[in-house]
There are 2 protein chains.
Amino acid sequence: MRWLRCLCGPWLRRGLCAALKAQHRPLSGSVALEADVNSFVSRTKTCGELRSVHIGQEVTLCGWIQYQRQGQFVILRDFQGLTQIVIPQDAAASHVKKTLCDVPVESVVKVTGTVVSRPPGQTNPNMPTGDIEVKVETAEVLNSCKKLPFEMKDFTKKNEALRMQYRYLDMRSAQMQYNLRLRSQMVMKMREYLCNYYGFVDVETPTLFKKTPGGAKEFVVPSREAGKFYSLPQSPQQFKQLLMVGGLDRYFQVARCYRDEGSKPDRQPEFTQVDIEMSFVDQPGIQALIEGLLQYSWPLEKGPINTPFPSISYNEALSVYGTDKPDTRFAMKITDVSDVLRNVQMEFLENHLSEPHGTIRAICIPQGAKYLHDKDLSRLNEMTKFQFNQVLLPLILRPDVRLKSRLAKFLNESKKLELLKAVQANVDDVVVLAAGEQEKVCLTLGKVRLEAAELLEARGLPLRKPSAFHFLWVVDFPLFLQKEESPSELESAHHPFTAPHPSDEHLLYTEPSKVRGQHYDLVLNGSEIGGGSIRIHNAKQQCFVLENVLKEDTKPLAHLLEALDSGAPPHGGIALGLDRLICLIVGAESIRDVIAFPKSFKGRDLMSNAPDDVSPEELKPYHIQVSWPSAETQK
Amino acid sequence: MRWLRCLCGPWLRRGLCAALKAQHRPLSGSVALEADVNSFVSRTKTCGELRSVHIGQEVTLCGWIQYQRQGQFVILRDFQGLTQIVIPQDAAASHVKKTLCDVPVESVVKVTGTVVSRPPGQTNPNMPTGDIEVKVETAEVLNSCKKLPFEMKDFTKKNEALRMQYRYLDMRSAQMQYNLRLRSQMVMKMREYLCNYYGFVDVETPTLFKKTPGGAKEFVVPSREAGKFYSLPQSPQQFKQLLMVGGLDRYFQVARCYRDEGSKPDRQPEFTQVDIEMSFVDQPGIQALIEGLLQYSWPLEKGPINTPFPSISYNEALSVYGTDKPDTRFAMKITDVSDVLRNVQMEFLENHLSEPHGTIRAICIPQGAKYLHDKDLSRLNEMTKFQFNQVLLPLILRPDVRLKSRLAKFLNESKKLELLKAVQANVDDVVVLAAGEQEKVCLTLGKVRLEAAELLEARGLPLRKPSAFHFLWVVDFPLFLQKEESPSELESAHHPFTAPHPSDEHLLYTEPSKVRGQHYDLVLNGSEIGGGSIRIHNAKQQCFVLENVLKEDTKPLAHLLEALDSGAPPHGGIALGLDRLICLIVGAESIRDVIAFPKSFKGRDLMSNAPDDVSPEELKPYHIQVSWPSAETQK
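Remember, predicted model here, so these are calculated numbers, not experimental data.

### Focus: the interface of chain B and chain A
For step 1, the next point in the chain: On the chain A side, the residues contacting the 145 residues of chain B number 145 residues.
For step 2, the next point in the chain: In total, chain B and chain A occlude about 12,400 Å² of area from one another, counting both sides; carbon and sulfur atoms represent 58% of this.
For step 3, the next point in the chain: Ranking the residues of chain B by area buried against chain A places B:Phe40, B:Glu204 and B:Phe280 at the top, with a combined share of 7%.
For step 4, the next point in the chain: Seen at the junction of chain B and chain A, the total is 14 salt bridges.
For step 5, the next point in the chain: Here chain B and chain A share 80 residue pairs in polar contact (both at pLDDT 80 or more) between them.
For step 6, the next point in the chain: If one sorts the elements of the side of chain B that touches chain A by residue count, helix α5 (residues 174-197) of chain B sits on top with 12 residues.
For step 7, the next point in the chain: In the side of chain B that touches chain A, the residues fall into 74 nonpolar, 36 polar and 35 charged.

### Let's talk about unusual backbone geometry
Most peptide bonds are trans, and most residues other than glycine sit at a negative phi.
For step 1, the next point in the chain: A cis amide bond, omega -5 degrees, links A:Ala610 with the succeeding residue A:Pro611.
For step 2, the next point in the chain: The amide bond that connects B:Thr307 to the next residue, B:Pro308, takes the cis arrangement and shows omega of -10 degrees.
For step 3, the next point in the chain: With respect to the helices, strands and loops of the structure, B:Pro308 is situated in the loop between α7 (283-297) and β11 (311-313).
For step 4, the next point in the chain: In the Ramachandran plot, A:Gln367 falls in the positive-phi region, its phi being about 65 degrees despite a non-glycine side chain.
For step 5, the next point in the chain: Tracing the chain through its elements places A:Gln367 in the loop between β13 (358-365) and α11 (368-371).
For step 6, the next point in the chain: Since its relative accessible area comes to 23%, A:Gln367 is described here as partly exposed.
For step 7, the next point in the chain: Here the phi dihedral of A:Val401 falls at roughly 70 degrees; this positive angle occurs in a residue that is not glycine.
For step 8, the next point in the chain: Structurally, A:Val401 can be placed in the loop between β14 (392-397) and β15 (403-404).
For step 9, the next point in the chain: With relative accessibility at 38%, the residue A:Val401 sits in the partly exposed group.

### Overview of the relation of the copies chain B and chain A
For step 1, the next point in the chain: Of the transformation placing chain B onto chain A, the axial shift is 0.0 Å and the rotation is 180 degrees, giving an RMSD of 0.1 Å. Such a combination of rotation and displacement between the chain copies is what one expects of a two-fold axis.
For step 2, the next point in the chain: Both copies share a contact surface, since 100% of the interface residues of chain B are interface residues in chain A too.

### Structural notes on the sheet that holds strand β5 (residues 132-143) of chain B
Residues and elements named next belong to chain B.
For step 1, the next point in the chain: The sheet built from 5 strands closes into a barrel, its strands ordered β1-β2-β3-β5-β4 with mixed pairing. Here the strands of the sheet are splayed against their neighbours by 55 degrees on average, with no regard to which way each runs.
For step 2, the next point in the chain: The pairing of strand β1 (residues 58-69) with strand β2 (residues 73-78) spans 5 bridges and is classified as antiparallel. Considered in β2, the bridge of Arg69 is made with Phe73.

### With respect to the environment of A:Phe73
Residue and element names in this part refer to chain A.
For step 1, the next point in the chain: Structurally, the position occupied by Phe73 is in strand β2 (residues 73-78).
For step 2, the next point in the chain: Of the residues examined, Phe73 reaches a relative accessible area of 11% and is grouped as buried.
For step 3, the next point in the chain: C-alpha of Phe73 to C-alpha of Lys97: the two residues are 24 residues apart in sequence and 9.4 Å apart in space.
For step 4, the next point in the chain: Not counting residues up to four positions away in its chain, the partners in contact with Phe73 are Tyr67, Gln68, Gln84, Ile85, Val86, Gln122 and Glu133.

### Some words on the domain arrangement of chain A
For step 1, the next point in the chain: As assigned here, chain A comprises domain 1 (36-147) and domain 2 (330-458).
For step 2, the next point in the chain: Of note, the centres of domain 1 of chain A and domain 2 of chain A, computed from C-alpha atoms alone, are 62 Å apart.

### What about the pattern of salt bridges?
For step 1, the next point in the chain: In the structure shown here, the tally under the stated rule is 86 salt bridges over all chains.
For step 2, the next point in the chain: Linking A:Arg379 and A:Glu451 is a salt bridge whose minimum nitrogen-to-oxygen distance equals 3.9 Å. Highlighted residues: A:Arg379 in helix α12 (residues 374-388) and A:Glu451 in helix α14 (residues 438-458), separated in sequence by 72 residues.
For step 3, the next point in the chain: Relative accessible area serves as the criterion here: at 41%, A:Arg379 is assigned to the partly exposed category.
For step 4, the next point in the chain: By relative accessible area, A:Glu451 is classed as partly exposed at 21%.
For step 5, the next point in the chain: Where B:Lys210 meets A:Asp612, a salt bridge forms, and the shortest distance between an N and an O atom there is 3.2 Å. Here A:Asp612 lies in strand β23 (residues 612-613) and B:Lys210 lies in the loop between β6 (201-202) and β7 (220-222), a pairing that spans two chains. One exposure class covers both B:Lys210 and A:Asp612, and it is buried.

### A closer look at the packing of aromatic side chains
Residue and element names in this part refer to chain B.
For step 1, the next point in the chain: All chains considered together, the criterion is met by 32 aromatic pairs over all chains.
For step 2, the next point in the chain: Here Trp298 and Phe469 contribute two aromatic rings whose centre-to-centre distance is 5.0 Å and whose plane-to-plane angle is 80 degrees, an arrangement assigned as edge-to-face. Here Trp298 is found in the loop between α7 and β11, whereas its partner Phe469 is found in the loop between α14 (438-458) and β17 (471-475), with 171 residues between them in sequence.
For step 3, the next point in the chain: On the basis of an interplanar angle of 50 degrees and a centroid distance of 4.6 Å, the ring pair of Tyr509 and Phe544 is categorised as tilted.

So, how was this worked out
- Residues numbered from 1 in each chain as written.
- Chains lettered and ligands numbered in written order.
- Predicted model: local features only at pLDDT ≥ 70, side-chain atom pairs only at ≥ 80, totals over all residues.
- Heavy atoms only, no water.
- Contact = heavy atoms within 4.5 Å.
- Buried area = accessible area lost by both parts, 1.4 Å probe.
- Salt bridge = Lys/Arg side-chain N within 4 Å of Asp/Glu carboxyl O.
- Polar contact = N/O pair within 3.5 Å; in protein donor to acceptor, adjacent residues only side chain to side chain.
- Helix = DSSP H or I, 4+ residues; strand = E, 2+ residues; numbered from the N terminus.
- Nonpolar A, V, L, I, M, F, W, Y, C, P; charged D, E, K, R; others polar.
- Buried < 20%, exposed > 50% of the residue type's maximum accessible area, 1.4 Å probe, protein only.
- Least-squares fit on C-alpha atoms with pLDDT ≥ 70 in both.
- Pairing = 2+ DSSP bridges.
- Axes fitted to C-alpha atoms, helices over the stretch in contact; angles between N-to-C directions.
- Domains from an automatic or database assignment.
- Phe/Tyr/Trp six-rings, centres within 6.5 Å; stacked < 30°, edge-to-face > 60°.

Structure (structure tokens):
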């Protein structure tokens, strides 16, 4: 556990009133203001703020005892840092000494004393308060700490379940304090941008709503009316659109959303999205708004981000990166080598090329011959066989420029050079080929690309700077996709309210599968952190999509259709996944590290043990009873 | 429906970037900034902002058609106001005329034109844009409105159910726009105060939590584990305390809370509280924080509020106002007249005075003889008989200074004068007496006081200025109350985490019923808008309260007790009821008028028809089934 040595980084300190420093729209005459964290309370200073300028001042500090040393020093900690307390060794101070040295670590004390300079040679340049110490005059134990179930400094080495069970101890770590404070301040700056600069209205929408037909991932909440249930919505989608119909014009909300996916490793049953909707806007308008939002709220200490963000079409993302959320921090792009290898007499390639949409694509793993072992390549091949039923064909480019590959004997020298040039391979690189149906080949190589990057980095070849933040818009998604279980039917690629691309609108009525939607995803370092669309504002068009394309019952959406028919303005919006965004910014391993009280991957609160039993008596007002699985199977 | 004539009052406009104007802590060099509401969208101006200075400019407006007049004028509306569009009457503009005049009202259009001065005599001083009009050049219908189920201008005259069913239309009214925008901006200013000025951390706490034992008002949420339920918490109480144990130091959250009370007139199953907790704080600290918070976030247009707020003890509030949430906008205080009437030979009074805690109290209704009818007094008497089993004894002070009362014949002239002096009665006043057990008498007269004030005001005697905001702290509540159903047992007056008053702490172990709690309620104009306390931070004391005083099982709170034992700092907090606060500020009749999508008093969403049926198939993953009432009664 990294204990608070420099908890408040420059951004955290400076950021506190950066409302007044308007990075995005510089204001002349603005004033940087430190938050006053010592008002209303019994301390006069925090444990992180004392410096040489305070020498001679009498101060009162409140905090936790971090260490006790030789009956002479105590290190006191609070949310802002550490201060060394020095205990006079004379008889007059024996009571204070007893108070501070007999109490267990992690107890809470209040000390009053004088800020003094540390003796020469004893300053600590690694500690922001390392030039001073506080010579204690009075000390009071505010609350004694019992023996903890572990040494605090070993805590994060313990398993995550223990951290979650004792979240209130885990939270005392510098890392958790940093994560939660950064989250708070970044959201605050987003609010300033939206509310103060651009006139957005923060509207709270209901979380007790109506179940979406087929909404299998929605928690249900029984009401006191027998058989009637609320549901916890996955997003405020309907409400935000209705707000636009209601003339709210610009809406945002830091919205709690719910998704019941059972056990998933890095998902939470409740999560937060920054939810935005505007009237009279188009896709570039939303994109510019979001770029400005992120730029304005971006933590100073993470370096500037550049706008506008680059943009890529869904098709290009798939064909170049093999995914709709490319990690563009490194190249290793997918290259089409079909033409190069078209006349090579290798049966494997020939067969695949002759398939419908048959293609041969390749990625070049830089320095792969040096950093990857044969068994890595076999493992990659097994993975793609398992996941995509797709065989890889690796080419290892030896230091002597000879190719080690099953393919080698089919290539003459000029073909070989042509291939290596096409994929920009150098000595010691590994080229991985895949052949077959285009989409599958690209998805396969996209997966190989990411796995290979992980492997190279694990072996010591850095590909991605930890401090690099690569934003990317992915646009021009198809509006509909074939249903996996029934390819003749279509389903919405995102949701049924997405408007068709203006140039494809005529196809909606003839070839809906060819229509692109006005949907945009925002990707950061290969993770989707947001998505949105321009919505359908025409009731007839919405009805056509629901009834004729998606073959859905419109009745449960009657209120929305009626609203669109009552003077709905053109509108669009976006939602950013706040947990994921903060997780990427602080470089946490899991979104659980940026949530104060997360659930385990099984959806449990390990501290309080929720969910828990509820007596039949307590269920009675809700007219439900438990169907115990044994009883269910007996039926 | 008050249509947007002057929707954006001075506060709304000026307030937008009042982040930068720091009322509370004036900043030199701060800059007032208008929110830029025309960025990213297809309009260049809103319908509320055009003035004479814009004459000659070409502008593009987007909005709803409010009126069409004589094929010559169209009034266009958006969230910010109204602008008159003038249609040239020459042939060249016939297409534009057709577009704007044939489309139904409430359709959405985009017009481009030039701002011109209104002809002399046609300016409208009641309209902020009344000096100008826009001479239209091009017009486009963005969305046509079907025939609405009612005339928009009659809409608020319709019943509330219709307003809620068509909330997206109701929201277009000036009043709803004002309410929602004021709410958003006031919350934003609260966030600035807490986060930017005082270093509070905005932490989102879970809403899927564990059921509180006996928490009958908590919605349950079935999980995929058979028989295991989450519950939706009534407040983040446990989490905020755990955050303090975790060293977060200063927490706030605009928190969604849930309370299932079945049908209650002015309650909502989900509501919002501004939730605050601090470490190392005492009661005056929290009070000063909240006074500053309200002062800073208070809408400018509602006039200044003065701090500190007055404070009254629970006992005094009961005896002077007959309630723990006094409306101090008017006097009519309760006076103890026991001593004056002690020796008056009226059996009714004598009997009641001899009861345990027997007393005679009175209120004086100013001008009651003029404004109240006999049947009003009878109605009041019936009400108190029904609610408190308490008879009233009215004295009507006639213009000739004679008393009309059953009591009159028992009073000699000097007693009469003494009584009138004690209650400060004047000619034409009505004095209402009640006799009996002190608390009941005070509650009775407290109720009479409020009813009488309503009556006087309904009859035209203004007692309370609509623009008056009277804040009041109520303090020194008892920590425990006798259980109504079993007076020998105690229950928490507020919740079991409230710390005892320091001077009463020793009584906790001997006479707990005499202990006052460190609890404070904040009252505004007779409504409770907040409450909080200093919490118990000592595990032993908390355990004692739970086990020995309240006789509760501590097991469900084991995690909290363990947390208190792990270095919990002294801490305290408060929660403000945001819906009620905003409701009082805007002067709305119901909290439903300050919530975008409220539920009906039966807890239904009348727009989408939630709660709704859910199929047994959809309930299966949650291992629950509906117990239909008929089946239940057959058992």
